[in-house]
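Structural features, examined
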Amino acid sequence: MAVPVSQAWTVASYVIKQKLTGKKRYPLVLMLEPLFRCNLACAGCGKIQYPAHILKAELSPEQVFEAVDECGTPMVAIPGGEPLLHPQMPEIVAGLVARKKYVYMCTNALLLKEKLHLFTPSKYLSFSVHVDGEREHHDFGVCREGGYDIALEGVHAAVKAGFRVTTNTTLFDGADPNSVRRHFDQMMDAGVESMMVSPGYTYDKAPDQQHFLGRAKSKKLFRSILSNRKSTWKFNASPMFMEFLMGKKELTCTPWGMPTYSIFGWQKPCYLLQDGYADTFQELMESVEWANYGTESGNPRCANCMVHSGYEASGVNYTFGSVKGLLQTAKAIFFDKYEDAGAQDLLNKWQPEGHGPLVQIASGQATAVVVTRSVNENVMAGD
């Protein structure tokens with residue numbers, strides 16, 4: 001299995017309990033952002049464009065634990081920013097593990113190798129390393145030459161030390177599906193437990209606004225990537241969410257499924273949109289007009305979203321919503337390789353797009369210069 005049986009059972013038990021008690025809206029994963037600053041300045045990121053005084057701010061361990069206890073989810077993802085820049089991250093992780101929360105600490109792995117000794121291997125802790133494809137694609141995406149090699153060093157070190165390691169890959173317009181499939185092979189060869197893959201979302205603050213995927217392109221891309229899949233590939237995602245990406249399943253967004261808590265409080269309505277903040281989790285759940293969000297709402301900001309944080313909970317809800325959902329999920333897990341001659345034809349005929357040269361991020365500076373894939377113009381990213 002892509003995750004330990006104990007984790008799968010904990011999540012399944014939690015979801016079933018919510019359904020038996022009649023809860024229509026419940027969180028699945030808490031997205032915890034203890035800081036926004038980062039040691040990269042990726043052109044597709046909307047989290048590092050805040051002024052310096054915001055980038056210096058951090059959540060305390062006490063604030064983190066209060067939010068986690070208030071939310072009550074069995075899983076906690078820690079994105080950012082770069083969590084390893086937080087001086088109290090080992091204390092935060094230890095506290096979450098003590099609460100028996102399954103923690104996915106997202107990291108670009110630039111600091112992972114040197115910080116690894118500060119953490120203890122546990123079934124409750126996974127390092128989720130952001131790797132956006134093969135070397136050239138990853139380095140271009142993170143705007144740093146050599147970033148891929150450093151990330152892989154971190155992956156190998158963490159696996160060797162006995163930690164659970166997963167990867168997180170975000171795909172943008174122009175992604176080469178053949179390269180992504182080779183990337184899957186490389187990650188499994190590196191010893192990672194499982195992989196997550198998702199289309200990028202159009203962050204308003206992101207410097208590069210040209211390469212976010214629309215729905216039609218997303219479905220075509222993911223159909224070509226995820227069809228005819230190898231038995232060696234292990235994915236850290238709901239099978240129903242992955243079928244949704246491939247255009248095989250219709251799901252409605254669950255914007256409350258992965259609530260976000262940061263230095264500003266509880267973000268309305270979800271990880272990807274900012275329509276204000278609530279002081280408590282209960283206020284978040286009660287004050288947001290949830291019908292105003294999701295593709296089916298007609299909200300133009302949601303029109304092209306197919307992102308994991310909006311639809312993974314939808315896939316899980318589909319699985320446990322009926323006997324049909326359970327049977328379809330079981331079939332997907334144990335029997336379905338998604339054989340598809342048309343998808344193979346897409347792979348055979350796919351023509352990779354070129355892009356401009358990568359410009360190295362200057363060491364120690366908060367500003368990066370990026371040349372986008374299709375035009376020769378500089379885009380400034382950073383503080």
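Residues numbered from 1 in each chain as written. Predicted model: local features only at pLDDT ≥ 70, side-chain atom pairs only at ≥ 80, totals over all residues. Heavy atoms only, no water.

Some thoughts on the sheet that holds strand E5 (residues 164–171)
If you trace the nine strands from one edge of the open sheet to the other, you get E6-E5-E4-E3-E2-E1-E7-E8-E9, paired in mixed fashion. Only two strands of the sheet have a single neighbouring strand rather than two, namely strand E6 (194–199) and strand E9 (274–278). Neighbour to neighbour, the strand axes of the sheet diverge by 25° on average, direction disregarded. Note: strand E1 (residues 29–32) against strand E2 (residues 75–78), three bridges, orientation parallel. Bridge pairing in E2 places Met-31 opposite Ala-77. (Pairing = 2+ DSSP bridges. Helix = DSSP H or I, 4+ residues; strand = E, 2+ residues; numbered from the N terminus. Axes fitted to C-alpha atoms, helices over the stretch in contact; angles between N-to-C directions.)

Focus: helix H7 (residues 147–160)
End to end, H7 covers 20 Å across 14 residues, agreeing with the expected 20 Å (1.5 Å per residue, within 8%). Inspection of H7 places Gly-147, Tyr-148, Ala-151, Leu-152, Gly-154, Val-155 and Ala-158 among the buried residues, and these make up the whole buried set. The buried residues of H7 occupy an angular sector of 155° when projected down its axis, which confines them to one face. Buried residues in H7 make contact with helix H5 (112–115), strand E4 (125–130), helix H6 (135–142), E5 and helix H8 (177–189). At the C-terminal side of H7, Gly-162 shows a positive phi close to 95°. (Expected span 1.5 Å × (residues − 1). Buried < 20%, exposed > 50% of the residue type's maximum accessible area, 1.4 Å probe, protein only. Arc of directions from axis to C-beta. Contact = heavy atoms within 4.5 Å.)

A word on a nonpolar patch on the surface
Together, Ile-333, Phe-334 and Phe-335 line one region of the surface with nonpolar side chains, adding up to about 410 Å² of accessible area. As for its position among the elements, Phe-335 is in the loop between helix H13 (323–334) and helix H14 (341–349). (Patch = residues over 30% accessible without salt bridge, like charges linked within 9 Å, V, L, I, M, F, W, Y side chains within 5 Å. Areas by Shrake-Rupley, 256 points an atom, 1.4 Å probe, with all protein chains shown as cover. Salt bridge = Lys/Arg side-chain N within 4 Å of Asp/Glu carboxyl O.)

Some remarks on unusual backbone geometry
Here the bond from Gly-80 into Gly-81 is cis, since omega is 5°, no more than 30 degrees from zero. Mapping Gly-81 onto the fold places it in the loop between E2 and helix H4 (89–98). The step from Lys-268 to Pro-269 runs through a cis peptide bond, and the omega angle for that step is -10°. Position of Pro-269 relative to the elements: it lies in strand E8 (residues 265–269). Phi at Ala-109 is positive, roughly 70°, even though this residue is not glycine. One non-glycine residue with positive phi stands out, namely Cys-143, at about 60°. In this structure, Cys-143 sits in the loop between H6 and H7. Given the relative accessible area of 1%, Cys-143 is considered buried.

With respect to the packing of aromatic side chains
Under the criterion given, the structure shown has 17 aromatic pairs. Seen from their ring centres, Trp-256 and Trp-290 are 5.6 Å apart, and the 75° between their planes marks the pair as edge-to-face. In this pair, Trp-256 is assigned in the loop between helix H10 (239–245) and strand E7 (260–262) and Trp-290 in the loop between helix H11 (281–287) and helix H12 (308–320), connecting sequence segments 34 residues apart. For Trp-256, a relative accessible area of 16% translates into the label buried. (Phe/Tyr/Trp six-rings, centres within 6.5 Å; stacked < 30°, edge-to-face > 60°.)

Quick notes on H6
His-138, Asp-139, Phe-140 and Val-142 are the residues of H6 that are buried. Directly after H6, the chain includes Cys-143, whose backbone phi takes a positive value near 60°.

So, the environment of Ala-341
Tracing the chain through its elements places Ala-341 in helix H14. What makes Ala-341 exposed here is its relative accessible area of 67%. On a C-alpha basis, the gap between Ala-341 and Asn-228 in space is 8.3 Å, while along the polypeptide they are 113 residues apart.

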